[in-house]
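So you can see what is in the structure, the chains are spelled out below.
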Amino acid sequence: MPRIAYLTRVEKFSAAHRLHSPHLSDAENLETYSKCNNPNGHGHNYRVEVTLRGPVSPTDGMVLNINDLKVYIKEAIMDTMDHKHLDKDVPYFKDVVSTTENVAIYIWDSLKRIMQNPALLYEVKIFETDKNIILYRGEES
């Protein structure tokens, strides 16, 4: 019986965004998001950890070839978000507030769409700052 292992790849990207909900008035947005509601936006150097969970193959000794994971991360994260303004350059965030929670959901959904075996995806963890960390495992309420 194969053993289960967790494989994590870490990547960093830089992006700007503005926290602003179309469902709130300008005053409510300012109250809710404070300085993060700056009309010109602000930026982060995000650190993302993508974790896969699966059986270690008896043939090649891997959960997934790390080179395949690098390709998935490049397509789902780096090509679409690195050095971009999330609200202006990523269509998903046109009507979705670009909170780190929603960035994690976007990354999860993007990886699920392109992975050959999406069932391996276990967790997306984003460090917005050293103190603000979001973890998403595809759970819904």
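Named according to an unreviewed UniProt entry, the protein is 6-pyruvoyltetrahydropterin synthase originating from Apolygus lucorum. Under Pathway (unreviewed entry), UniProt gives the following word-for-word description of the protein: "Cofactor biosynthesis; tetrahydrobiopterin biosynthesis; tetrahydrobiopterin from 7,8-dihydroneopterin triphosphate: step 1/3."

Chemist: Give me the overall build of the protein: which residues, what numbers.
Modeler: From N to C terminus, the protein includes four helices and five strands. For the protein, the sequential pattern of α-helices and β-strands runs β-α-β-α-β-α-α-β-β. For the protein, the spread of C-alpha atoms along the three principal axes comes to 60 × 30 × 25 Å. Here the protein, with 141 residues, has 38% of them falling under the buried criterion. The long-range share in the protein, meaning contacts at least 24 apart out of those at least 6 apart in sequence, stands at 67%. The distance from the centre of the 17 positive side-chain charges to the centre of the 20 negative ones in the protein is 6 Å.

Chemist: Quick rundown of the packing of aromatic side chains? Include the residues and the values.
Modeler: A complete count under the given rule lists six aromatic pairs for this structure. Geometrically, the ring pair formed by Phe 13 and Tyr 46 is stacked, given 4.8 Å between the ring centres and 15 degrees between the ring planes. Pair noted here: Phe 13 is in strand 1 (residues 4–17) and Tyr 46 is in strand 2 (residues 42–55), with a separation of 33 residues, a long-range link. Assigned by exposure class, Phe 13 and Tyr 46 land together as buried. The interplanar angle of 50 degrees and the centroid separation of 5.1 Å between the aromatic rings of Tyr 92 and Tyr 106 together place this pair among those described as tilted. One end of the pair, Tyr 92, is in the loop between helix 3 (86–89) and helix 4 (100–114); the other, Tyr 106, is in helix 4, with 14 residues separating them in the sequence. Over the face of the ring belonging to Phe 127 we find Arg 47, whose NZ or CZ atom lies 5.1 Å from the ring centre.

Chemist: Could you give an account of the pairing of strand 2, with specific residues and numbers?
Modeler: Taken together, the 14 bridges between strand 1 and strand 2 define a ladder with antiparallel strand orientation. Bridging from a neighbouring strand, Ile 4 pairs with Pro 55 of strand 2. When strand 2 meets strand 4 (residues 121–127), the two strands line up antiparallel, connected through six bridges. When the bridges of strand 4 are listed, Arg 47 appears paired with Phe 127.

The rules behind the values
- Residues numbered from 1 in each chain as written.
- Predicted model: local features only at pLDDT ≥ 70, side-chain atom pairs only at ≥ 80, totals over all residues.
- Heavy atoms only, no water.
- UniProt positions renumbered as here; feature names shortened; annotations may be inferred.
- Helix = DSSP H or I, 4+ residues; strand = E, 2+ residues; numbered from the N terminus.
- Buried < 20%, exposed > 50% of the residue type's maximum accessible area, 1.4 Å probe, protein only.
- Contact = heavy atoms within 4.5 Å.
- Lys, Arg positive; Asp, Glu negative; His and termini not counted.
- Charge placed at Lys NZ, Arg CZ, Asp CG, Glu CD.
- Phe/Tyr/Trp six-rings, centres within 6.5 Å; stacked < 30°, edge-to-face > 60°.
- Lys NZ or Arg CZ within 6 Å of the ring centre and 35° of its normal.
- Pairing = 2+ DSSP bridges.

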